[in-house]
Amino acid sequence: MVDYSKQGFIDESAANKVVKSVCMGLTETTPGGFPDIKSEMPMTADLDAALPPGMSLCLGINPHTLNKRSLAKTEDMIKNNKCVVGMKIYAGYYHVDITDSMYNPVYNLAEKYDLTIVIHTGETFSERGLLKYSHPLCVDELAVNRPSLRIVACHMGVPWVFDACEVAVKNPNVYLDISGMLVGNTEFIYQMANTPLLLNRYKESLVFMQRYDKVLYGTDWPLVPMGAYIDFCKELVPAEFHKDVFYQNALNVYKLDGR
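All values derive from a computational prediction rather than experimental measurement. (Residues numbered from 1 in each chain as written. Predicted model: local features only at pLDDT ≥ 70, side-chain atom pairs only at ≥ 80, totals over all residues. Heavy atoms only, no water.)

Undergrad: Give me the lowdown on the overall build of the protein, citing residues and values where you can.
TA: Counting secondary structure elements, the protein contains nine helices and seven strands. For a compact globule of 259 residues, the expected C-alpha radius of gyration is about 18 Å, and the protein comes in at 17 Å, within 12% of that figure. Relative to its 259 residues, the protein shows a buried fraction of 51%. Surface exposure of the protein reaches about 12,300 Å², of which carbon and sulfur atoms provide 54%. Of the side-chain charges in the protein, 24 are positive and 30 negative, and the distance between the mean point of each set is 7 Å. (Helix = DSSP H or I, 4+ residues; strand = E, 2+ residues; numbered from the N terminus. Rg over C-alpha atoms; globule rule 2.2 N^0.38 Å. Buried < 20%, exposed > 50% of the residue type's maximum accessible area, 1.4 Å probe, protein only. Areas by Shrake-Rupley, 256 points an atom, 1.4 Å probe, with all protein chains shown as cover. Lys, Arg positive; Asp, Glu negative; His and termini not counted. Charge placed at Lys NZ, Arg CZ, Asp CG, Glu CD.)

So this is what it looks like as structure tokens:
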């Protein structure tokens, strides 16, 4: 059973030699209520004031509470907290297209402060999500409209992994993370890792792309145990690219050097 606490994260990170991490801010005003249109923006980590060692933060964006006041608060957090390395758009969970003009002030902040924009892509954990907003092809238009914006498409767009890889290989400013491609306990993760039809589809999409410098390891903890998921991701990525995918690419994309 996952110990979903600050100490639980620290212990599991230490056991799996995780030295840096990026937490995605998400807030629920009622348990199980995400996507919660009442969540105050920016959404931050559900942790106490002191983040675990080596942890940086992407501020979560709620389009329903996005206004001048919340944008000013977001900018203040960016300016006053070196741990802020990006902002996350929960496409699909919130029923707003990522190219909608309401997000322009968020993208402007990202460009102003050289932050990464992280976008949920692919299936949604909530049945209240709408997949038309989270398909990875949506990222293509944003990348073209904002060529100076650094974008990470989360979860490699599962199940549309080939589409996500095409968007990333086409657009110089788009990267993929391989977090949350599976969700479950250790037994389930190893079961899927030994299911060739699934594993090979993911591997084939990465072979098609041939750009392991654009792939970032991630877990989506606590939805998966770190150890088993690391083993699963090692099966997806050729050994010669492990250092890049599991370490260097994240340093580059999130500007983590010195944090």
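Now that the structure has been shown, the text picks up again.
Undergrad: Tell me about the packing of helix H5 (residues 161–170) against helix H7 (residues 196–209), and name the residues and values.
TA: For the pair H5 and H7, the least separation of the axes is 9 Å and the interaxial angle reads 20°. Considering their axes alone, H5 and H7 lie roughly parallel with respect to each other. As H5 runs across H7, the sense of the crossing is right-handed. Between H5, through Val 161, Phe 162, Cys 165, Glu 166, Ala 168 and Val 169, and H7, the contact on the second element is made entirely by Arg 201, Tyr 202, Glu 204, Ser 205, Leu 206, Phe 208 and Met 209. Its residues placed into classes, the contact of H5 with H7 shows nine nonpolar, one polar and three charged. (Axes fitted to C-alpha atoms, helices over the stretch in contact; angles between N-to-C directions. Parallel < 35°, antiparallel > 145°, perpendicular 65-115°, else oblique. Left-handed = near helix turned anticlockwise from the far one by under 90°. Contact = heavy atoms within 4.5 Å. Nonpolar A, V, L, I, M, F, W, Y, C, P; charged D, E, K, R; others polar.)

Undergrad: Residue-level account of the pairing of strand E5 (residues 150–153), with values.
TA: Burial of E5 is two-sided: the residues Arg 150 and Val 152 facing one way and the residues Ile 151 and Ala 153 facing the other way are all buried. Summarising the sheet, strand E4 (residues 116–119) and E5 pair through four bridges and their orientation is parallel. Pairing of Thr 116 across the sheet is with Arg 150, part of E5. In the classification by handedness, the crossover that spans E4, the intervening helix H4 (residues 137–145) and the parallel E5 is right-handed. Pairing of E5 with strand E6 (residues 174–177) involves three bridges; the strand directions are parallel. Within the sheet, the bridge partner assigned to Val 152 lies in E6 and is Tyr 175. Running through H5, the crossover from E5 to the neighbouring parallel element E6 is right-handed. (Pairing = 2+ DSSP bridges. Right-handed = clockwise from strand over helix to strand, strands pointing away.)

Undergrad: Tell me about the side chain of Ser 179, and please be specific about residues and values.
TA: Counting through the fold element by element, Ser 179 comes out in the loop between E6 and helix H6 (186–193). Ser 179 gets classed as buried once you look at its relative accessible area, which sits at 6%. Within the structure, the side chain of Ser 179 is placed 2.8 Å from the side chain of Asp 177, a separation counted as a polar contact. (Polar contact = N/O pair within 3.5 Å; in protein donor to acceptor, adjacent residues only side chain to side chain.)

Undergrad: Break down the environment of Gly 8 for me, citing the residues and quoting the values.
TA: Within the secondary structure, Gly 8 is located in helix H1 (residues 6–15). Each residue touching Gly 8, except ones within four places of it in the same chain, is listed here: Asp 3 and Trp 221.

Undergrad: Before we move on, can you summarise the nonpolar core with the specific residues and values?
TA: Met 87 and Phe 232 are the most contacted members of the largest nonpolar core, which has 66 residues in total. Here this core takes seven residues from helix H8 (residues 226–236), the largest share from any one element. Residues within four places of Met 87 in sequence aside, it is in contact with Cys 58, Leu 59, Ile 61, Thr 74, Ile 78, Val 106, Leu 109, Ala 110, Leu 115, Thr 116, Ile 117 and Val 118. If you look at the next biggest cluster of nonpolar residues, it comprises twelve residues, including Val 85, Cys 154, Ala 250 and Tyr 254. (Core = buried A, V, L, I, M, F, W, Y, C linked by side-chain atoms within 4.5 Å.)

Undergrad: Please provide a residue-by-residue account of unusual backbone geometry, values included.
TA: Cis rather than trans, the peptide bond between Met 41 and Pro 42 has omega equal to 5°. Structurally, Pro 42 is set in the loop between strand E1 (21–24) and strand E2 (55–61). Omega for the bond connecting Val 158 with Pro 159 falls within 30 degrees of zero, at 10°, which places this linkage in the cis form. Along the chain, Pro 159 turns up in the loop between E5 and H5. Of note in this structure, Lys 17 is not a glycine but carries a positive phi near 60°. Residue Lys 17 is classed as exposed on the basis of its relative accessible area, which comes to 75%. Phi angles above zero are rare outside glycine, and Gln 210 is one such case at about 55°.

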